[in-house]
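Spelled out, the chains give:
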Amino acid sequence: MGKVLFTTSWDDGHALDLRVAELLAKHGFKGTFFIPGRVAPGGACNPEGFPVIDTSELRALDSAFELGSHTLDHSYLDAVPPEEARRQVEAGKQWLEDQLGRPVEGFCYPGGHHNAAVRQIVREAGFRYARTTEELHHDVGSDPYRIPVALQFYPRALKGIVKTFIKGAHPWQERRVFGAAITRQELGARLRAVLDRLVEKGGVFHFWGHSWEVEKFGGWTVLDAFLRYAAERVPPEDRVTTMDLAHKPEESADWRPAAAA
Ligand SMILES: [Zn+2]
């Protein structure tokens, strides 16, 4: 049996984040929500655009979960000039701090887009970590500005996951964990398979998603059932936020990158 650090993070600040929060609270999990100042039409994963939850809702969420920044306009930071990237990062941080009345130190790259220059800008803005969308990892990575994830809460086609698996050049330790999971067609089964392997060997389980996508693909029952399954396997002290993950891993070698283990 290994120790599993379990977390989940949700991007974009959609009103349905409150429904995710309800389910996390119901099953006793922590989590992180990454909030952009606004999501403009055409500028987001959701091409229709949508309003971000209001100040009182953000504060309610902040009282029970970690909130982090997701730029001002959900901007893909590697696709804009450096001065605009800096403005997006700094103004997004300021905007969320104004809403919450406290410092904001967690960050997530919109669309998972980042490069060395972007990571430097995020660090200089005063963030202590940044989450990516780099999938099929069961550790915290070696760079706090490049926190990887295990799986997306989305019924991705098997073909896409296998492609990530092959392209990722993951160390064999990770292949052993995710090899079992990627053969499962159904999202819930896939998540359970990865968690089962990690309960055996230890590691980080970080799944992420978009609440508006859960609604779109009808995934609420799957999310509820998976959190119930996880609650039976992960003790309360191992249920963490992304900030905990980024700054607690020294406590155990299990959470370091597999390549360095
Ligand atoms: Zn996003």
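Preceding block: the structure.
Residues numbered from 1 in each chain as written. Predicted model: local features only at pLDDT ≥ 70, side-chain atom pairs only at ≥ 80, totals over all residues. Heavy atoms only, no water.

Attention shifts here to the packing of helix α3 (residues 82-100) against helix α4 (residues 116-124). One can describe the packing of α3 onto α4 by two numbers: an axis separation of 10 Å at closest approach and a directional angle of 40°. Comparing the axis directions of α3 and α4 gives the class oblique. The two elements α3 and α4 meet at a crossing, and its hand is right-handed. Contact residues: P82, A85, R86 and V89 in α3; I121, V122 and E124 in α4. For the contact of α3 with α4, the class distribution of residues is 5 nonpolar, no polar and 2 charged. (Axes fitted to C-alpha atoms, helices over the stretch in contact; angles between N-to-C directions. Helix = DSSP H or I, 4+ residues; strand = E, 2+ residues; numbered from the N terminus. Parallel < 35°, antiparallel > 145°, perpendicular 65-115°, else oblique. Left-handed = near helix turned anticlockwise from the far one by under 90°. Contact = heavy atoms within 4.5 Å. Nonpolar A, V, L, I, M, F, W, Y, C, P; charged D, E, K, R; others polar.)

Considering soluble globular proteins, one finds that nonpolar side chains tend to be buried as a cluster. In terms of nonpolar packing, the biggest core is built from 62 residues, with F6, F33, L195, F205, F207 and L223 touching the most fellow members. Once residues lying within four places of it in the same chain are set aside, the contact partners of F207 are F6, T7, T8, S9, W10, L151, F153, L191, L223, F226 and L227. Listed in part, the 6 residues of the second largest apolar core include C108, Y129, I147 and M243. (Core = buried A, V, L, I, M, F, W, Y, C linked by side-chain atoms within 4.5 Å. Buried < 20%, exposed > 50% of the residue type's maximum accessible area, 1.4 Å probe, protein only.)

This brings us to the coordination of the zinc ion. The protein atoms that coordinate the zinc ion are D12 (OD), H70 (NE2) and H74 (NE2), at distances of 2.0 to 2.2 Å. Along the chain, the residues that donate to the zinc ion are spaced as D-x57-H-x3-H. Of this pair, D12 sits in the loop between β1 (4-11) and α1 (17-27) while H74 sits in the loop between β3 (66-69) and α3, and the two are 62 residues apart along the sequence. Of the two residues examined, D12 and H74, each falls in the buried class. (Donors = N, O, S within 2.8 Å, 3.2 Å for Na, K, Ca; no water.)

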